[in-house]
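# Structure assessment
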Amino acid sequence: SSIVKYVSVIERLFFGIRSNDRKKTFANRIASVLKAFGCDEDVSAHKKACKVYQDRSNFLHGEYSPTKDVEEKIVRDAENLSRMCLLCSAQLYPMMLQAFGNPDSVKLDEVMSRISIEGVDWLAKAAGYSILTSER
């Protein structure tokens, strides 16, 4: 049940409306947000998110019951992803609130889709934040 809860937390943070191909969108959004806030240094968030989402689906639909050791690793991975998503959301949501007031579910989904494509700088600008860039 822990895995289902962790995945549900992330879905609530990063999804406003139901979408097709949920696993792919779930992994893309996690990877995009973590990358945008510098929280995916080893560039493994996408792969981990796909695995956690698939494991959650397998548990829910009764496709397998792993051993205790395997289950503990899956729970740890889901917990770590959730923790990183919550940390990034603590930075992301104030920007959304500043830029759009209290966004509804449709606006949240638009913002998350755009972050997946463009990153987060556009949102920071829309919120009135200064963007620091360094030229090399």
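In this report, we go over the structure that sits alongside the text. (Residues numbered from 1 in each chain as written. Predicted model: local features only at pLDDT ≥ 70, side-chain atom pairs only at ≥ 80, totals over all residues. Heavy atoms only, no water.)

Assigned secondary structure in the protein chain consists of 6 helices and 0 strands. Reading the protein chain from its N end, one meets helices and strands in the order α-α-α-α-α-α. Relative to its length of 136 residues, the protein chain is compact, with a C-alpha radius of gyration of 16 Å against a globular reference of 14 Å. Taking the principal axes of its C-alpha atoms as reference, the protein chain extends roughly 50 × 35 × 20 Å. (Helix = DSSP H or I, 4+ residues; strand = E, 2+ residues; numbered from the N terminus. Rg over C-alpha atoms; globule rule 2.2 N^0.38 Å.)

Of all hydrophobic cores here, the largest spans 33 residues; its most connected members are F14, F26, I30, V33, L92, I115 and L123. Listed by contribution, the elements that provide at least two residues to this core are helix 1 (2-14), helix 2 (22-36), helix 3 (45-60), helix 4 (68-100), helix 5 (105-118) and helix 6 (121-126). At 8 residues, helix 4 tops the list of elements feeding residues into this core. Residue contacts for I115: discarding those within four places in its chain leaves S32, V33, L92, V120, W122 and L123. (Core = buried A, V, L, I, M, F, W, Y, C linked by side-chain atoms within 4.5 Å. Buried < 20%, exposed > 50% of the residue type's maximum accessible area, 1.4 Å probe, protein only. Contact = heavy atoms within 4.5 Å.)

The next thing to look at is the pattern of salt bridges. Applying the stated rule across the entire model yields 6 salt bridges. With its nearest N and O atoms 3.0 Å apart, the salt bridge here joins D109 to R29. Here D109 is found in helix 5, whereas its partner R29 is found in helix 2, with 80 residues between them in sequence. Of the two residues, D109 and R29, both sit in the buried class. (Salt bridge = Lys/Arg side-chain N within 4 Å of Asp/Glu carboxyl O.)

We now examine the state of the cysteines. Tallying each qualifying case throughout the model produces 0 disulfides. Here C50 stays unpaired: no disulfide links it, and the sulfur of C85, its closest cysteine neighbor, is 13 Å away. Here C85 stays free of any disulfide, with the sulfur of C88 as its closest cysteine sulfur at 6.8 Å. (Disulfide = S-S within 2.5 Å.)

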